[in-house]
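Here's the letter readout for the chains.
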Amino acid sequence: MTDMTDTSRPGRAFAGLAKRPARLTVPAPRLLLGLAAPAALLVLWELLIRFGVVTGRLTPPPSKIFATIGALASSGELATHVAATLARVGLGFAIGAAAGTLAGAVAGATPFLRRLLDPTLQALRAIPSIAWVPLFILWLGIFEASKIALIAVGVFFPVYLGVMGAILSIDRKTLEVGRVFRLSRVETVRRILLPAVLPSWIVSLRSGLGLGFMFVVAAEFMGASEGLGYLLVDGQQLGKPDQILAAIIVFALLGKLCDALLVGAAKPFLRWQDTAAASL
Amino acid sequence: MLSIHKLSKTYANGAHALEAIDLSLQPGAITAIVGGSGCGKSTLLRLIAGLDQASEGTIRMGRDLIREPHPDIGIIFQEPRLLPWLTVADNVGFGLRGRPAEEREALVANILAQIGLGGYAARWPRELSGGQQQRVAIARALVANPKALLLDEPFSALDMVTRQGLHQQLLALWSARKPTILMVTHDVDEAVLLADRIIVMKPNPGRIATVIDNPQARPRDRLASGFERAQREVIAALDRTMRGGEAAPVEAVGGWW
Ligand SMILES: Nc1ncnc2c1ncn2[C@@H]1O[C@H](COP(=O)(O)OP(=O)(O)O)[C@@H](O)[C@H]1O
Ligand SMILES: [Mg+2]
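What counts and what doesn't
- Residues numbered from 1 in each chain as written.
- Chains lettered and ligands numbered in written order.
- Predicted model: local features only at pLDDT ≥ 70, side-chain atom pairs only at ≥ 80, totals over all residues.
- Heavy atoms only, no water.
- Helix = DSSP H or I, 4+ residues; strand = E, 2+ residues; numbered from the N terminus.
- Rg over C-alpha atoms; globule rule 2.2 N^0.38 Å.
- Buried < 20%, exposed > 50% of the residue type's maximum accessible area, 1.4 Å probe, protein only.
- Contact = heavy atoms within 4.5 Å.
- Areas by Shrake-Rupley, 256 points an atom, 1.4 Å probe, with all protein chains shown as cover.
- Buried area = accessible area lost by both parts, 1.4 Å probe.
- Salt bridge = Lys/Arg side-chain N within 4 Å of Asp/Glu carboxyl O.
- Polar contact = N/O pair within 3.5 Å; in protein donor to acceptor, adjacent residues only side chain to side chain.
- Nonpolar A, V, L, I, M, F, W, Y, C, P; charged D, E, K, R; others polar.
- pLDDT = per-residue confidence, 0-100.
- Near = heavy atom within 4 Å.
- Axes fitted to C-alpha atoms, helices over the stretch in contact; angles between N-to-C directions.
- Parallel < 35°, antiparallel > 145°, perpendicular 65-115°, else oblique.
- Left-handed = near helix turned anticlockwise from the far one by under 90°.

Caption draft 1: Region of interest: the overall build of chain B. The helix and strand inventory of chain B stands at eight helices and 10 strands. A compact globule built from 257 residues would reach a C-alpha radius of gyration of about 18 Å, and chain B, at 18 Å, matches this within 12%. Projected onto its principal axes, the C-alpha coordinates of chain B cover approximately 55 × 45 × 30 Å. Taking all 257 residues of chain B together, the buried fraction comes to 50%. Counting contacts in chain B only where the partners sit at least 6 residues apart, residues at least 24 apart contribute 67% of the total. Carbon and sulfur atoms make up 50% of the accessible area of chain B, which amounts to about 11200 Å² in all.

Caption draft 2: Local environment of unusual backbone geometry. Residue and element names in this part refer to chain B. Here the bond from Asn-204 into Pro-205 is cis, since omega is -15 degrees, no more than 30 degrees from zero. Of note, Pro-205 is situated in the loop between β9 (197–202) and β10 (207–213). The omega torsion of the bond from Arg-218 to Pro-219 falls at -5 degrees, within 30 degrees of zero and hence cis. Along the chain, Pro-219 turns up in the loop between β10 and α7 (225–242). Backbone geometry at Ala-20 places phi at a positive 50 degrees, although glycine is not the residue there.

Caption draft 3: Geometry of the interface of chain B and chain A. If you look at the interface, chain B gives 19 residues, while chain A gives 19 residues. Between chain B and chain A, roughly 2000 Å² of surface is buried when both sides are summed, and carbon and sulfur atoms account for 62% of that area. Its largest share of buried area at the contact with chain A, chain B owes to Trp-85, Phe-94 and Arg-97 of chain B, together 34% of the area lost on that side. Put simply, chain B and chain A have four salt bridges between them. We note a salt bridge from Arg-97 of chain B to Glu-187 of chain A, for which the minimum N-O separation is 2.8 Å. Where chain B meets chain A, there are 11 residue pairs in polar contact (both at pLDDT 80 or more). Of the residues in the side of chain B that touches chain A, the class split is 10 nonpolar, three polar and six charged.

Caption draft 4: Seen up close, the confidence of the model for chain B. All names here are of chain B. This prediction gives chain B a mean pLDDT of 92; 95% of its residues lie at or above 70. The low-confidence segment residues 245–257, where pLDDT is below 50, has 25 contacts with residues more than four positions distant or belonging to other chains. Here the predicted complex scores 0.81 on pTM and 0.89 on ipTM.

Caption draft 5: Summary view of helix α8 (residues 172–180) of chain A. Of the positions making up α8 of chain A, those classed as buried are Thr-174, Glu-176, Val-177, Gly-178 and Val-180 of chain A. Contact partners of the buried residues in α8 of chain A: α9 (185–221) of chain A together with α1 (41–48), β6 (73–76) and α4 (130–142) of chain B. Capping the start of α8 of chain A is the job of one residue whose side-chain oxygen sits 3.1 Å from the backbone nitrogen of Lys-173 of chain A: Asp-171 of chain A. Directly beyond the C-terminal end of α8 of chain A, a positive phi value near 55 degrees is found at Arg-182 of chain A.

Caption draft 6: Seen up close, the site of ligand 1. All names here are of chain B. Within the structure, ligand 1 sits among Tyr-11, Asn-13, Ala-15, Ala-17, Gly-36, Ser-37, Gly-38, Cys-39, Gly-40, Lys-41, Ser-42 and Thr-43. The backbone of Gly-38 places a nitrogen or oxygen atom 2.7 Å from an oxygen atom of ligand 1. Coverage of ligand 1 by the protein chains reaches 60% of its 560 Å² of free accessible surface. Of the residues forming the shell around ligand 1, the biggest block, three residues, is contributed by α1. Split into classes, the residues belonging to the shell around ligand 1 amount to four nonpolar, seven polar and one charged.

Caption draft 7: Layout of the environment of Lys-173 of chain A. Relative to the elements of secondary structure, Lys-173 of chain A occurs in helix α8. Classification of Lys-173 of chain A by relative accessible area gives partly exposed; the value is 29%. When sequence neighbours within four positions are dropped, the list of residues in contact with Lys-173 of chain A reads Glu-79 and Arg-81 of chain B. A distance of 3.4 Å separates polar atoms of two side chains, one belonging to Lys-173 of chain A and the other to Glu-79 of chain B.

Caption draft 8: Molecular detail of the pattern of salt bridges. If you walk through the whole model with that rule in mind, you get 18 salt bridges over all chains. With a shortest N-O distance of 3.0 Å, Glu-46 of chain A and Arg-50 of chain A are connected by a salt bridge. Here Glu-46 of chain A pairs with Arg-50 of chain A, and both are found in helix α2 (residues 30–50), just four residues apart, close to one helical turn. By relative accessible area, which is 13% here, Glu-46 of chain A ends up buried. Relative accessible area serves as the criterion here: at 59%, Arg-50 of chain A is assigned to the exposed category. We note a salt bridge from Asp-72 of chain B to Lys-147 of chain B, for which the minimum N-O separation is 3.1 Å. In this pair, Asp-72 of chain B sits in the loop between β5 (64–65) and β6 while Lys-147 of chain B sits in the loop between α4 and β7 (148–152), placing the two residues 75 residues apart along the sequence. Classification of Asp-72 of chain B by relative accessible area gives partly exposed; the value is 22%.

Caption draft 9: Inspection of the packing of helix α4 (residues 77–109) of chain A against α9 of chain A at higher detail. Residues and elements named next belong to chain A. Where α4 meets α9, the closest approach of the two axes is 9 Å, and the angle between their N-to-C directions is 135 degrees. Regarding the angle of α4 to α9, the classification is oblique. When the axes of α4 and α9 are compared, the crossing they make is right-handed. For the pair α4 and α9, contact is made by Ala-84, Thr-85, Leu-86, Arg-88, Val-89, Phe-93, Ala-97 and Thr-101 and by Trp-201, Leu-205, Gly-208, Leu-209, Gly-212, Phe-213, Val-216 and Glu-220, respectively. For the contact of α4 with α9, a count of residues per class yields 10 nonpolar, four polar and two charged.

Following this line, the structure appears as structure tokens:
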């Protein structure tokens, strides 16, 4: 509490109040604050094992996990696995996002095509995507094509829904501004539709990307000789929990990094937005 | 100039918004439309702006028949309707597409200075107050020097002080450019301050009840006797539209003030 006893000088208590927020925000950068909880957990975990409270056979200490990551990295293995996973996510995401954007735009902009396509797509969306796996393997084989198809399906739906919803919710009043200034169809799309839809599109791409990472694991479970998902399966079969946890951590970092890249790429185009949080 | 002949509008839902409107606007004059809500004022403006189609009758701008938005007719709505992804300067420049960039920049800078927003060119719309946003909307509509400007209750969402400031700025822009102005307002004071002619409308279906000439010299003085007389005349005419014996629904006559 601020010291309220000194009332001899008016304005003193007020000055104290005004200073307080500054004191709270200056010494605690957000990043460090966000890292405090996981860091504390890691230290506690490490100590419990060091002092023999738990054996750590199935829950290897952080030091061992990071050593495993280090070993995988220095042998070049990690790079191979990361590259394989990223290539699958990247390709599947590109295909799924492009198809979702196109279908969403078409369905959003033309009522006829919406009535034609949307019920079918909604029905397909209700199928848990993993259920496609056996079919994709039959159709596309056990190798890359079936994996990428699965990821693309996962990415498709949130992007489709996001783009269609965004187009449908464009304000009629905003479109009227375009009419008053006699924009052509192409100009209306470029100068009003696209900017109006952009924020929702980015949001839908982000959820699509998240699903892409989810589905790459499933895809790599169904038989892969490289990739982070392969590391998970391999760790389980050989009884190496440190490898499993190492792969999980790399997954987390990779996912966060890709998301940050997406947000960073979109940021210059969204500065006009009046969002509560500065970050998307 | 702008001339309207036997204009009627019935909406698809059966609402008979306008019936046989005849109206002709003098070039460079300011005309105000007053009337209870639901008597077709917005419908009339939207038809003139080419945003909706008339059921019967014609609107002409010079020799052009109006069926869609016309380059010589600008409109300002009750809300500023700025594009949030464009800066203030780009919003104003939106009305000048197709012109060379240099000319556009010069015209935008010029009109922003005229409405006292010279320092705001690089701001986003969200960074402006409601009154400032509406000023940008006025600049956007006027920057290309349209021959006619339509305003649909443009200041009704603003507080009185802001509104009075905007009256003066609109008058300044008008005397510099002399567009023909047709504005809807529910504020009798505003109508008498700005307009050369005040059209009183009545509902069910929307028609012109009375036309009141308001030939006071400018700048106008609210305290002058002519001002008060004109105000009383408009209020009396409005009262008559409401006691006109028509079976107007309560909603339609409620609260023009
Ligand atoms: N888009 C529309 N569709 C159907 N009826 C409408 C529409 N716009 C206005 N109306 C009807 O037309 C009449 C006139 O409305 P409007 O022109 O908005 O009046 P005002 O602007 O004078 O309040 C009202 O009865 C209203 O309900
Ligand atoms: Mg109206």
